[in-house]
Each structure stands twice: as C-alpha cells, then as structure tokens.
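Fold and geometry: a report
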Amino acid sequence: MGAKSHIAKWGTSLAVRIPKPIAEQWGVCEGSAIEIVSHGDQVVMHKRTYNLADMLDQVTEDNLHPELDAGPAQGNEAW
C-alpha cells in the first residue's frame, strides 16, 4: 500500500503524517515507538521491538538502581 504525504513543520522539527489506513495496517498508533533509518535517499521506519535479554545486557554496576525500602507491609504482602 502506498500513499502520498507532505512534510510539515512541528515546532523546530519536521513531521510526516502517516495515513490512517497505513497506520492500521502497520499496527501503530499515537505514542508507538518507531525507529527511523536513513538509507541513501530513502528513509525507512520500523516498529521498535524490545528484547529483554538485550536490555538486561545493558545493566551495569554504574546504572543499577539500589533497592528501595517501601516501608512495612500494608496488606497481604508476603516478604
């Protein structure tokens, strides 16, 4: 499926509207995470996917948050 669109100004950036039929076919909506890649004179958009193992590989001693004390149990929590 193809569609024609125009580049518009959005604040200090530029924006391209994705026609509703293409957004529905692609499975994206407002707030969906995408990746934009430039290949010469073409721009390709991909839905961003997350891989838990890849994300955990990025955890280091420097960016690991300490445990937080949430206080005593307030209900049926079992610690």
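Our structure's up above, just so we're on the same page.
The notes below deal with the structure included here. (Residues numbered from 1 in each chain as written. Predicted model: local features only at pLDDT ≥ 70, side-chain atom pairs only at ≥ 80, totals over all residues. Heavy atoms only, no water.)

**Here's the deal with the overall build of the protein chain**
The condition that has to hold: We count a stretch as a helix when DSSP gives it H or I for four or more residues in a row; a strand needs E for two or more, and each element gets its number in order from the N terminus. When we talk radius of gyration, it's over C-alpha atoms, and the globule rule is simply 2.2 Å times the number of residues to the 0.38. When a residue's accessible area, from a 1.4 Å probe over protein chains only, is under 20% of the maximum for its type it is buried; when over 50% it is exposed; and in between it is partly exposed. By the convention used here, residues are in contact when the closest approach between their heavy atoms is within 4.5 Å. Charged-residue counts in this description rest on Lys and Arg as positive and Asp and Glu as negative, His and the chain ends being excluded. Just so you know, the charge point we use is NZ for Lys, CZ for Arg, CG for Asp and CD for Glu.
Along the backbone of the protein chain there are two helices and four strands. For the protein chain, whose C-alpha radius of gyration is 21 Å, the value lies well above the compact-globule estimate of 12 Å for 79 residues. Every one of the 79 residues in the protein chain was classed for burial, and the buried ones make up 4%. Taking as baseline every contact in the protein chain between residues at least 6 positions apart, the subset at least 24 positions apart corresponds to 5%. Within the protein chain, one finds 6 positive and 11 negative side-chain charges whose respective centroids are separated by 24 Å.

**Considerations on the layout of surface pockets**
Heads up, the condition is: Think of a 1 Å grid over the protein atoms and nothing else: a 1.4 Å probe that fits but is trapped marks a cavity, an open set flanked by protein within 12 Å on at least five of seven lines marks a pocket, and residues with an atom within 4 Å of a point count as lining. Grid points are joined across faces, edges and corners, and a volume is the space filled by probe spheres set on the points. Three categories are distinguished: nonpolar for Ala, Val, Leu, Ile, Met, Phe, Trp, Tyr, Cys and Pro, charged for Asp, Glu, Lys and Arg, and polar for the others, with Gly belonging to the last.
Empty space within the largest pocket amounts to approximately 630 Å³. Lining the largest pocket are 21 residues; nearest its centre among them are Trp10, Val16, Arg17, Ile18 and Ile34. Per-class residue counts for the lining of the largest pocket are 13 nonpolar, three polar and five charged.

**Let's talk about the pairing of strand 4 (residues 42-47)**
For clarity, the threshold we go by: Two strands are counted as paired when DSSP detects at least two bridges linking them.
Pairing geometry for strand 3 (residues 34-39) and strand 4, over six bridges, is antiparallel. By the bridge assignment for strand 4, Ile36 is matched with Met45. Two successive antiparallel strands, strand 3 and strand 4, enclose a turn made up of two residues, where Gly40 displays a positive phi of approximately 60°.

**Notes on the pattern of salt bridges**
Rule in force here: In the sections that follow, a salt bridge refers to a side-chain nitrogen of Lys or Arg positioned within 4 Å of a carboxyl oxygen of Asp or Glu.
The tally for this structure, following the rule as stated, stands at one salt bridge. The closest approach of N and O atoms between Lys20 and Glu24, which form a salt bridge, is 3.9 Å. You can see Lys20 and its partner Glu24 sitting in helix 1 (residues 20-26), four residues apart, about one turn around the helix.

On their own, these measurements won't tell you what the molecule is for.
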